[in-house]
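In case you want the letters, here they are:
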Amino acid sequence: MERDVVYSTTTPQSRRALVSGSSCKLQLLVFTLATLAQASVAHAVIPLLYDVPDDAIGRAARSNSIAVTPDGRPSIAYAGNGGLLKYTEYIHPNWVTETIPTSGLGVFDISLTLDSQGNPAVAVSQLVASGGPLVRVFERSEGVWTSVFISPDFGQNYSSSLKYDTLGNLHLAYAHLPIFGAYARYASNRTGSWVVEDLLPGGVPPRQPDRSYVSLALDPGNKPSVAVSYYNYVSENTKLEYWRWVGSWTTSTVLVTSGIVDEISLAVGAGSIPHIVFSHDGLRYAKGPIWNVELLQARDTFDFSATSIALDSNDEPHIAYRDPAPQSIRYKFRSGGVWVTEAIETLDDVGREASIAIDGYDHPHFSYVHLDDEELRYAASRDCNDNGLTDNLDIQIGNLLDCDGNGLPDLCEWVFGFLEDCNGNGIPDACDVDCNGNGIPDECDISSGTSTDCNLDGIPDECPGAVDCNDNGVPDECDISAGTSVDCNLDGIPDECPSAADCDGNGTPDTCESFVDCNNNGIPDACDVAASGDCDSNGIPDA
């Protein structure tokens with residue numbers, strides 16, 4: 001089942017006017033956020049589109065790959081003008097771009113990954129003077145790029161897919177075509193040097209003139225998995241396989257079909273559950289380990305391309321792809337078992353390369369090439385104040401506050417009308433002062449009559465802090481002012497509370513009583529006899 005998002009809102013114009021930016025952009029943003037509130041969809045994309053500063057990309061160089069840090073800072077590796085390998089990262093408030101030295105004849109099939117510190121590594125297929133293409137991996141450490149060729153042997157090498165694990169080791173998969181029989185290769189530097197393995201279907205190299213498409217992913221335990229398709233030009237059949245490392249490689253068949261299966265992208269979530277998106281007579285999605293293949297969108301004339309998948313914190317899939325019919329970059333995500341489709345950009349001829357990454361707030365980020373304008377573009381979700389930064393970046397660098405930690409700036413939640421703020425002070429109720437812990441700000445408790453504030457200090461009377469010596473739930477000063485308690489000596493303490501001397505224990509301080517005090521020591525004679533003595537027991541102190 002698939003549902004297109006329908007935008008509608010009743011947000012007041014007066015609130016919309018508080019957010020800067022164009023009215024069209026604002027309207028789209030308000031509509032989307034309102035839709036989220038109404039439809040309980042996980043999130044929707046607000047295209048934050050801008051060109052990454054660079055020279056013209058060039059039509060022949062379309063490859064790009066995006067990665068984001070958990071706090072949402074994007075980086076993109078891409079083929080620039082003339083096939084140069086370039087890397088750009090967003091460092092507030094600018095994109096910072098550098099050319100990675102390749103000394104080759106051009107790069108394609110780019111794959112970018114970031115380690116836990118945000119350091120980048122890039123895998124590419126690179127043409128060299130002696131032939132190729134060869135797979136090459138670049139790493140940046142302390143601002144310096146180093147590289148190594150992973151596939152120096154004879155043949156063609158392409159479809160590279162690179163990932164850092166949580167220990168800082170690199171894992172790589174790519175397709176290798178010696179002369180006949182393309183197959184996948186897996187490589188890793190986790191032993192300190194690069195080790196390459198052949199993933200041979202049936203344990204032997206294919207003998208037919210095949211082509212393979214490859215994608216790699218790591219599970220939460222750093223175990224690698226590889227999705228690979230084998231297309232046989234003779235039989236015109238394709239087999240899509242899933243390889244998983246469990247101390248040794250195990251395989252399962254996802255699909256055997258006629259025609260080509262390509263544009264493969266793999267992600268693996270909790271429990272080592274694999275998710276694959278690919279193109280085959282339409283856009284298809286498969287989930288293992290007992291494989292179920294869904295047709296997400298039937299093709300029109302041409303098949304889908306530029307597929308890319310990522311998982312959010314709930315292991316729900318998010319997919320970026322190029323729809324060839326309207327020549328648009330589109331985004332699908334699944335929420336509650338329902339697929340939602342949104343357009344990222346539809347004007348002119350949008351590129352054949354799309355890449356998606358999900359940040360720690362479950363916000364999607366996209367990179368792709370706009371072919372007509374020959375520009376690299378970046379899109380991201382939720383920029384509620386229209387300043388060109390995603391909300392989570394605004395929050396992290398201190399531009400906007402997010403006191404309840406839900407990834408939406410407090411101001412924007414209030415502007416768009418679904419922030420609970422009973423006193424209208426711009427602070428979400430969940431973050432406002434609530435001394436009695438009932439989920440309602442103290443100011444609203446008092447104004448609604450839920451709590452009393454007899455002394456008008458803005459604090460509900462039942463809250464800790466007010467002096468209540470008789471524990472009746474009413475501050476002492478209110479007991480006295482209301483006449484509930486007497487304060488005969490005007491010391492601000494109800495007479496019934498143990499503070500002033502009350503030697504006879506009658507509830508009235510000695511200083512407020514009329515009594516006989518023959519020796520003028522301030523103590524009633526009836527109480528003084530215990531200290532001064534009363535030898536004749538006549539009730540009068542001897543002294």
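As the structure is a computational prediction, the values presented were derived from the model and not from experiment.

A.B. asks: Tell me about the side chain of Ser63, and please be specific about residues and values.
C.D. replies: Tracing the chain through its elements places Ser63 in the loop between strand S2 (50-51) and strand S3 (64-68). Only 2.9 Å separates the side chain of Ser63 from the backbone nitrogen of Ile110, close enough to count as a polar contact. Beyond its immediate stretch of four places on either side in the chain, Ser63 contacts Ala77, Tyr78, Ala79, Phe108, Asp109, Ile110 and Glu353.

A.B. asks: Explain the pairing of strand S11 (residues 156-164) to me, and be specific about the residues and the numbers.
C.D. replies: Of all the 9 residues making up S11, 7 are buried; the element is thus mostly covered by neighbouring parts of the structure. Taken together, the 7 bridges between S11 and strand S12 (residues 170-177) define a ladder with antiparallel strand orientation. Bridge assignment links Lys163 to a residue of S12, and that residue is His171. Remark: 5 residues form the turn of the hairpin made by S11 and S12, two consecutive strands paired antiparallel; Gly168 in that turn has positive phi of roughly 90°.

A.B. asks: Got a sec to walk through the sheet that holds strand S8 (residues 120-128)? Specific residues and values, please.
C.D. replies: Pairing is antiparallel in the open sheet, where 4 strands are placed in the order S7-S8-S9-S10. Across the chains shown, the open sheet's two edge strands, defined by having one partner strand only, are strand S7 (107-114) and strand S10 (144-149). Pairs of neighbouring strands in the sheet enclose a mean axial angle of 25°, with direction left out of account. Bridge analysis of strand S9 (residues 131-141) against S10 gives 6 bridges, and the strand direction is antiparallel. Looking at the pairing, Arg140 lines up with Trp145 of S10.

A.B. asks: Break down unusual backbone geometry for me, citing the residues and quoting the values.
C.D. replies: Along the chain, Gly288 connects to Pro289 via a cis peptide bond; the corresponding omega equals 0°. Here Pro289 is to be found in the loop between strand S21 (282-287) and strand S22 (292-298). Residue Ser272 is not a glycine yet carries a positive backbone phi of 60°. For Ser272, the location among the structural elements is in the loop between strand S19 (262-268) and strand S20 (274-279). For Ser272, a relative accessible area of 14% gives the class buried.

A.B. asks: Help me get a handle on the nonpolar core, residues and values and all.
C.D. replies: One finds Leu199, Val214, Val226 and Trp243 to be the most contacted residues of the largest nonpolar core, which totals 18 residues. Elements with a minimum of two residues in this core: S12, strand S13 (183-188), strand S15 (210-218) and strand S16 (224-232). Excluding its chain neighbours within four sequence positions, the residues that come into contact with Val214 are Ser159, Ser161, Ala173, Tyr174, Ala175, Ala184, Val226, Ala227, Val228 and Ile264.

Criteria and cut-off values
- Residues numbered from 1 in each chain as written.
- Predicted model: local features only at pLDDT ≥ 70, side-chain atom pairs only at ≥ 80, totals over all residues.
- Heavy atoms only, no water.
- Helix = DSSP H or I, 4+ residues; strand = E, 2+ residues; numbered from the N terminus.
- Polar contact = N/O pair within 3.5 Å; in protein donor to acceptor, adjacent residues only side chain to side chain.
- Contact = heavy atoms within 4.5 Å.
- Buried < 20%, exposed > 50% of the residue type's maximum accessible area, 1.4 Å probe, protein only.
- Pairing = 2+ DSSP bridges.
- Axes fitted to C-alpha atoms, helices over the stretch in contact; angles between N-to-C directions.
- Core = buried A, V, L, I, M, F, W, Y, C linked by side-chain atoms within 4.5 Å.

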